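Structural characterization, general
Below, each chain spelled out in residue letters.
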Amino acid sequence: MRFIGAILSLLLLVAGIGAVIMAALFSHYAKDLPDYSYLKDYQPPTLSRIYADDGRMMAVVAEEQRLFVPINAIPERVKDAFLSAEDADFYQHGGVDFSGVIRAVFVNLRNLGHDHHPMGASTITQQVAKNMLLTNEVSIARKVREAILATRLEKTLSKDRILEIYLNEIFLGNHSYGVAAAALNYFNKSLDELTVQEAAYLAALPKAPNNYNATRNYNAAMARRNWVIGRMAENNRITANEAAMAQSAPLEIKSRDESESVNADYFSEEVRRQLVDKFGDDVVTEDGLAVKTSLDPVLQEFATQALHNGLVNFDRRERGWRGPVAHIADLGDWDKKLKAIALPAGGEGWRLALVYGLKPGQADIAFADGSRAIIPWAEISWARRELPDNQFGPAIHTPADVLNSGDVVLVEPVKQNAQGKAYPENTYTLRQVPVVQGAIVVLDPHTGRVFAMNGGFSTKMSQFNRATQAMRQPGSSFKPFVYMAALDKGFTPASLISDSPASYSQGPGLPLWTPENYGGEDFGVQPLRVAIEKSQNVMTVRVANAIGMPIVVDYAKKFGIVDDMPQLLSFSLGAKETTPLRMATAYGMIVNGGKKITPSLIDRVQDRSGKTIWRADNRDCKECASAGWTTQLTPPDVPDTREQIEDPRTAYQMVNILTGVVQRGTAASLHDIDFPLAGKTGTTNDSKDAWFVGFTPDLVCAVYVGFDNPVPLGSKETGASVAVPVFREFITQAIKGRPAIPFRVPPGLRMVRVDPATENPALPSDKKAIWESFIPDTEPQEGKPRPVLNGTEAGTGVPLGTSALPSVEVPSDGAIETPDAPAGAPTTNGTGGLY
């Protein structure tokens, strides 16, 4: 008995000493523990989502891709899966599961030498303590601190709150933080749509997401998933039959359908930049904003494809073939070697193919999956070798002059040749990533909402957005603003201007400057309309000199083209750099009748609770907030708060003149499109920048093409040859199904039938006559010669005459007096707009 008593005393002594040591240990590690009180009201960092106008997702902005879901909205099936896998006794223990620790020790000892998953002992509360408050350091000290914090968290937070934090914070691989993001990224489902096997797979991931990646380690992923399903059955979360069915189901990872999202990388990145400027980087990446943009996915697709094709076609025409992506000399295991070659940046949407045979009429190609195809000679014949200084190599006659067996090239499927003749199936065209760049912007001229934007060939090549960040000279696309200033100063569309050469002083000590027309031609005396339609430099400078460059600078600033500009005559020809977005906006203010607009990509921003914290349209509309419109017969009357920065009559005169650019001028290649169109080309010195800004009554599209390091596009390349084809491809798609509403005519104009080449009165039989718009009493006088602007001194102006020509008035009430109107005169809609 004494021996037993001694043993018990010794054990009590050891236990007492152990307790003292444990108390001292806990006291030591309990010092300076991090503050955990903030977890009561903790809101985890949540991704911000950017949506297109139709509600589809465009992009997410986040450091961690997370969608926060309250615990009461997380399905029981998902909670059961994670509790079974990570902490079956979660709702019973006080933060540390001591019985679980002992059980894990014995189980792991018993399984030594066997192929079994080691059992963990950390509770979910401990994992929250580690993930939220501690580091991933592997040490006894960290485990002790983790246990102390876990017990304290249990006293501060409810079990549901702890589980809510865990399920929303846990990293599950595939860029997924939290169960909601993981459900979308792995299965393209919301949480309530997950099956037992899918929920079990997500619950299998916390331990090691990379080890259980279903694509790379399918067998390991299946085994871990099925283990979780077994645990769910053991814990009576599911029945044995449900477990058997779930374990027999395949593991299928599903990506989001392309139709569910919108690809507009340049647009999305510009939105992100603007959000950061407005709210700061932390708010944008962590506060779960919902951002509704103005992007029209259909127009965006048209714009992207048009720019893409335009750059590719230019590259073929002007730059030539730069060689294959790679070459495989030894064709043994060629498919594996081909699969190992990375797709070049900018090659998205194309395929890599191996050239394995060359014939006089075609190249035979093969893909990494073993399929075969051909490239006919017609799809190779463009590929003369590129040489320095825009030169080409020798002429080519067969595919063997371009390609070699073993070449790895980019190809794209093609259905018909240039003449429209159908190709057989499995026919491809030879592709290469262009070195030229460009931009396209499409917006609503009445609101400034940007419908589409593409700032380059591919964001994989460069995220530099040439639509908003590239400052380039607009060239002749700036001229309409010079002539609008002239119209406001007394010029008319019929004002005669000399095109004869003239020299101008550039200032003391500087040589005289003599502007020249493109091609060096002198067209003699021409009306103002023709000066714009034919884009005559000499006439433009003469007009700018007559009205004074300070006025031209004021117009460039008030239309938002530039913030400031030197008062030098050369800048009247578009020498001051600007962006495609600014040019599109400026043209929008022409077509909308001179109303000030600000380009906007973001319509509305909401916080994570759904409250609108910013919107682009801040007009006051009390009726818009009505609870219901059941008895409303007319839409709410929303005030027009846009500033009137230009006389609407002058703006329409310019619209009318710019239609002539499309019908007879530098963009006449568009004249066959049966839709109201207008616009202006632009080409800078040495053809380094090519532009076209075109518009319909309700759509503006600006196109720019050029090299990032400004070098000539080609000796014969202009806005008409490079930018207009891009606009044409876009606009022919964009106008399908839209009503052909003519440009709206404001009241207070007099419409006169004239010969567009001379602005002289037109005969009734003249089929080429147009309706020219004049401020009343400024139209040319019949039978009286018009004065000619021929001087080179600033401020010379131009005298005007009056007239009694046959005309159609658009009076202030917008109603045309049709009984006196000549046949074919335009009519209005009662507010000055043409039907």
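Sequence positions are assigned chain by chain, starting from 1 and proceeding in written order. With pLDDT at 70 or above as the cut-off, local features in this predicted model cover only qualifying residues; side-chain atom pairs require 80 or more to be listed or tallied, and sums for whole chains, interfaces and linings still use all residues. Hydrogens and water molecules were not included; the side-chain quantities draw on all heavy atoms of the structure.

**Describing the overall build of the protein**
In this text, helices come from DSSP runs of H or I with a minimum length of four residues, and strands from runs of E with a minimum of two, each type numbered from the N-terminal end. Within the protein, the regular secondary structure consists of 21 helices and 24 strands. Whether a residue is buried, partly exposed or exposed follows from its accessible area with a 1.4 Å probe, protein chains only, as a fraction of its type maximum: under 20%, in between, or over 50%, in that order. The buried share of the protein, taken over its 835 residues, is 50%. By the convention used here, residues are in contact when the closest approach between their heavy atoms is within 4.5 Å. Taking as baseline every contact in the protein between residues at least 6 positions apart, the subset at least 24 positions apart corresponds to 68%.

**Notes on the packing of helix α15 (residues 479–488) against helix α20 (residues 648–663)**
To get an axis, a line is fitted to the C-alpha atoms, and for a helix only the part in contact is used. The angle between two axes follows their N-to-C directions and goes from 0 to 180 degrees. Between α15 and α20, the shortest axis-to-axis distance is 10 Å and the interhelical angle comes to 135 degrees. One way to sum up the angle between α15 and α20 is to call them oblique. For the element pair α15 and α20, the recorded crossing hand is right-handed. Counting all contacts with α15, which are made through P480, Y483, M484, L487 and D488, the residues of α20 involved are T650, A651, Q653, M654 and L658. Residue classes in the contact of α15 with α20 are distributed as 7 nonpolar, 2 polar and 1 charged. Between 65 and 115 degrees an angle is taken as roughly perpendicular, under 35 as roughly parallel, over 145 as roughly antiparallel, and anywhere else as oblique. By convention the crossing between two helices is left-handed if the near helix lies anticlockwise of the far one by an angle smaller than a right angle, and right-handed if it lies clockwise. Only Asp, Glu, Lys and Arg are considered charged in this grouping, and only Ala, Val, Leu, Ile, Met, Phe, Trp, Tyr, Cys and Pro are considered nonpolar; every other residue, Gly among them, is considered polar.

**What to know about the pattern of salt bridges**
Any Lys or Arg side-chain nitrogen found within 4 Å of a carboxyl oxygen on Asp or Glu counts as a salt bridge. Here the structure, examined in full by the defined rule, presents 40 salt bridges. Across the pair D53 and K292 runs a salt bridge, and its minimum N-O distance is 2.4 Å. Of the two residues, D53 is situated in the loop between β1 (48–51) and β2 (57–61) and K292 in strand β3 (residues 290–293); the sequence distance between them amounts to 239 residues. A salt bridge links D563 to R582; its shortest N-O distance comes to 3.2 Å. With D563 in the loop between α18 (549–558) and α19 (580–591) and R582 in helix α19, the pair connects residues that are 19 residues apart, well separated along the chain.

**Some words on the environment of E623**
Looking at the secondary structure, you find E623 in the loop between β17 (612–615) and α20. The class for E623 is partly exposed, based on a relative accessible area of 44%.

**Remarks on the sheet that holds β2**
By this definition, two strands are paired if DSSP reports at least two bridges between them. Spatial ordering of the open sheet is given by β2-β1-β3-β16-β17, a layout of 5 strands whose pairing is mixed. With one partner strand each, in any of the chains shown, β2 and β17 form the two edges of the open sheet. Across the sheet, the mean angle separating the axes of adjacent strands is 15 degrees when strand polarity is ignored. Two elements, β1 and β2, share 4 bridges in a ladder whose sense is antiparallel. Pairing of S48 across the sheet is with V61, part of β2. Helix-sheet contacts for helix α11 (residues 265–279) involve β1, β2, β3, β16 (602–606) and β17, and the interaxial angle to β16 is about 55 degrees.

**A look at a negative patch on the surface**
A surface patch of negative charge is lined by E63, D281, D282, E286 and D287. Here E286 lies in helix α12 (residues 281–286). The class of E286 is partly exposed, set by a relative accessible area of 32%. Patch definition: residues with relative accessible area over 30% and no salt bridge; like charges joined within 9 Å; nonpolar side chains (Val, Leu, Ile, Met, Phe, Trp, Tyr) joined within 5 Å. The Shrake-Rupley method, run with a 1.4 Å probe, gives the accessible areas here. Residue values count only the displayed protein chains as cover. Positive charge is attributed to Lys and Arg, negative charge to Asp and Glu, and no charge count is given to His or to the chain ends. Where a charge lies is defined by one atom per residue type: Lys uses NZ, Arg uses CZ, Asp uses CG and Glu uses CD.

**Notes on the confidence of the model for the protein**
With 85% of its residues at a pLDDT of 70 or more, the protein has an overall mean of 87. Here residues 796–807 scores under 50 on pLDDT; set against residues more than four positions off or in separate chains, the count is 33 contacts. Note that pLDDT drops below 50 for residues 811–835; the model gives that stretch 55 contacts with residues more than four away or on any other chain. A score between 0 and 100, pLDDT records how confident the predictor is in each residue.

**Digging into the nonpolar core**
For our purposes a nonpolar core is just a set of buried Ala, Val, Leu, Ile, Met, Phe, Trp, Tyr and Cys residues, chained together by side-chain atoms within 4.5 Å. In terms of nonpolar packing, the biggest core is built from 133 residues, with F481, F559 and F730 touching the most fellow members. Discounting residues that sit within four places of it in the chain, F730 has contacts with L299, F302, A303, A306, I440, V442, L699 and C701. Core analysis: the second largest hydrophobic core is formed by 54 residues, Y166, A183, V196 and I229 among them.

**So, α15**
Summarising burial for α15: 9 of the 10 residues are buried, a large majority. Taken together, the buried positions of α15 are occupied by K479, P480, F481, V482, Y483, M484, A485, A486 and L487. With its phi angle positive at about 115 degrees, G490 sits one or two positions after the end of α15.

**Side note on unusual backbone geometry**
One non-glycine residue with positive phi stands out, namely N174, at about 55 degrees. Using a relative accessible area of 35% as the deciding quantity, one classes N174 as partly exposed. Here H175, not a glycine, exhibits a phi torsion of approximately 60 degrees, which is positive. If you trace the backbone, H175 turns up in the loop between α6 (159–169) and α7 (179–187).

**Regarding the sheet that holds strand β14 (residues 496–498)**
Strand order in this open sheet of 3 strands is β15-β14-β23, and the pairing throughout is mixed. The sheet is open, and its two edges are formed by β15 (525–527) and β23 (788–789), each paired on a single side. Pairing of β14 with β23 involves 2 bridges; the strand directions are parallel. Within the sheet, the bridge partner assigned to I497 lies in β23 and is L789.

**Examining the side chain of T585**
In this fold, T585 is placed in helix α19. Once residues lying within four places of it in the same chain are set aside, the contact partners of T585 are L443, I597 and P599.

**Some remarks on the side chain of T492**
With respect to the helices, strands and loops of the structure, T492 is situated in the loop between α15 and β14. The class for T492 is buried, based on a relative accessible area of 4%. Polar contacts, as used here, are pairs of N or O atoms within 3.5 Å; protein pairs need one atom able to donate a hydrogen and one able to accept it. Residues neighboring in sequence count only if both atoms are side-chain atoms. A distance of 3.0 Å separates a polar side-chain atom of T492 from the backbone nitrogen of A494.

**As for α7**
Most of α7 sits inside the fold, with 7 of its 9 residues counted as buried. Residues V179, A180, A181, A182, A183, Y186 and F187 constitute the buried set of α7. Just past α7, the residue N188 takes up positive phi, approximately 55 degrees.

**Describing the environment of N790**
Within the secondary structure layout, N790 lies in the loop between β23 and β24 (808–810). Residues within four places of N790 in sequence aside, it is in contact with S498, S500 and R542. A polar contact of 3.0 Å, which involves the side chain of N790, links it to the side chain of S498.

**A word on the pairing of β1**
Here β1 shows a clear split, with S48 and I50 buried on one side and none of R49 and Y51 buried on the other. What sits between β1 and β2 in their antiparallel hairpin is a turn of 5 residues, with G55 showing a positive phi close to 90 degrees. Sheet analysis places β1 next to β3, joined by 3 bridges and oriented parallel. What sits directly across from I50, in β3, is V291.

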